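Structural overview
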Amino acid sequence: MVKVGVLGATGMVGQRFIQLLADHPDFEIAALAASSRSAGKKYEDATTWYMNDEMPESVRDIKVIETDPAHMDKDVEIVFSSLPADFAAKVEPEYAKDFVVASNASAMRMKKDIPLVIPEVNPQFLDMIEAQQKNNNWDGFIVTNPNCSTIALTLTLKPIYDNFNINRIYVSTMQAVSGAGYNGVPSMAILDNLVPYIGGEEEKMESETLHLLGSLDGDEVVPANFSLSASCHRVPVIDGHTEAVFVELDEEADIDKIKKTMADFRGLPQELGLHSAPEQPVIVKEEDDRPQPRMDRMAYGGMAATVGRLRKDQAFDNSFKYVLVGHNTIRGAAGASILNAELINKQIL
Ligand code: 11C
């Protein structure tokens, strides 16, 4: 078993990490770190547990430590980070001196030599690790996963990108409140309402998607060459981001062929049989009333994106549109970091 730690262990994504890691066949939770307010307390006393399942027995008595690499057990090999971006930018490089950091934070995603990876999409970006370690003189390294809306979108776009020529994409999101870290009573404030702005989200979707679908020229990422415009919104859904996607291709394509390309898509995690890999990364539904967050967010344990309403766009030439749902704190956050770590464990450690 590989010993792992979780940074930001008391937060929404931190709890999701704990839930997903509790019965993991390869990883064992050995350390939980949070703010100095929680440090020294037993985990069960340090947090209000928001997940649907019970808090795992194995973590209840773990003493929370401070977010400082000096406090991290040296037997730990992988540190999962769900820290806020500004704090992550300061401390993740400190952890990377000795540990593998699998980060969900946005701070380092677009930085040179830091791989931003979805294992089904661009596992080859892990090749940057060597340069990262050499340039920083680190024994460990940082690998990041994208923003939650970006992950679901990019999973569905990868098979299209590989088989058709994309000209431009518009995407409009309907994002769950758990993405904002709201939980319990505060999340109710959005009932009967919608928030038309999520700070930084549109920029992240636009840049991260093209980066992930891009190619490597040495250690430089050459972004994919199409335009993408995102409009991001918060809606009163607890978990599961929904996205309406509009795609314009270079030329007309058969809708059934597009559906089949998406449904047949498999990547390296499926080939390697990684524990958290969904058998089918993209599920295509035919029913007009799917996908819906409550019915579809838990597809393959929350690790698959579900697509529906894939149809020709009558308004524009060479165009089609669809709706997708992806679980934002599983495939879009903790599950994404864990899948990255599984790939690293298999191929690098
Ligand atoms: C949201 N996607 O739903 C955000 C939360 O870049 O990891 C995660 C932000 C990020 O508000």
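Residues numbered from 1 in each chain as written. Predicted model: local features only at pLDDT ≥ 70, side-chain atom pairs only at ≥ 80, totals over all residues. Heavy atoms only, no water.

Under an unreviewed UniProt entry, the chain has the name Aspartate-semialdehyde dehydrogenase and belongs to Methanobrevibacter ruminantium. According to UniProt, the comment filed for the chain under the heading Sequence similarities (unreviewed entry) is "Belongs to the aspartate-semialdehyde dehydrogenase family." The annotation that UniProt attaches to the chain under Function (unreviewed entry) is "Catalyzes the NADPH-dependent formation of L-aspartate-semialdehyde (L-ASA) by the reductive dephosphorylation of L-aspartyl-4-phosphate." (UniProt positions renumbered as here; feature names shortened; annotations may be inferred.)

With respect to the UniProt feature "binding site: NADP(+)" (unreviewed entry) in the chain
The sites that UniProt annotates as "binding site: NADP(+)" (unreviewed entry) are T10, G11, M12, V13, R37, S38, S178, G179, N328 and T329. A maximum C-alpha distance of 27.3 Å shows the annotated residues, which cover 320 residues in sequence, to be distributed over more than one spot. Checking the annotated residues one by one, the ones that line the largest cavity turn out to be N328. With respect to the helices and strands, R37 occurs in the loop between strand 2 (27-34) and helix 2 (43-46). (1 Å grid on protein atoms, 1.4 Å probe; cavity = no way out; pocket = protein on both sides within 12 Å on 5 of 7 lines; lining within 4 Å. Helix = DSSP H or I, 4+ residues; strand = E, 2+ residues; numbered from the N terminus.)

A closer look at the sheet that holds strand 10 (residues 227-231)
What the six strands build is an open sheet, ordered 10-7-11-14-13-12; its pairing is mixed. Each edge of the open sheet carries a strand with a single partner, namely strand 10 and strand 12 (282-284). Pairwise comparison of adjacent strand axes, ignoring direction, gives a mean angle of 25 degrees for this sheet. Bridge count between strand 7 (residues 166-174) and strand 11 (residues 241-249): eight bridges; the pairing is antiparallel. Looking across to strand 11, one finds that R168 is bridged to E248. Its contacts with the sheet put helix 8 (residues 255-264) on strand 12, strand 13 (305-312) and strand 14 (319-326), and the angle it makes with strand 13 is roughly 170 degrees. (Pairing = 2+ DSSP bridges. Axes fitted to C-alpha atoms, helices over the stretch in contact; angles between N-to-C directions. Contact = heavy atoms within 4.5 Å.)

Quick notes on helix 11 (residues 330-347)
A bend of about 50 degrees at A336 is the largest found in helix 11. With 15 of 18 residues buried, helix 11 lies mostly within the body of the structure. (Bend = angle between axes of the 7 residues up to and from the residue. Buried < 20%, exposed > 50% of the residue type's maximum accessible area, 1.4 Å probe, protein only.)

Remarks on the nonpolar core
One broad rule of soluble globular proteins: the nonpolar side chains tend to lie buried together. Counting 44 residues, the largest nonpolar core has L21, F27, L32, Y43, I78 and F80 as its most contacted members. At the level of secondary structure, the elements contributing two or more residues to this core comprise strand 1 (2-7), helix 1 (12-21), strand 2, helix 2, strand 4 (78-81), strand 5 (100-103), strand 6 (141-144) and helix 11. If you tally residues by element for this core, the top one is helix 11, at eight residues. When residues of this core are sorted by domain, at least three fall in each of domain 1 (2-146 + 334-347) and domain 2 (148-327). The contacts of L21, once residues within four sequence positions are left out, are V4, V6, F27, I29, F80 and I338. Core analysis: the second largest hydrophobic core is formed by 39 residues, I166, L228, A305 and L324 among them. (Core = buried A, V, L, I, M, F, W, Y, C linked by side-chain atoms within 4.5 Å. Domains from an automatic or database assignment.)

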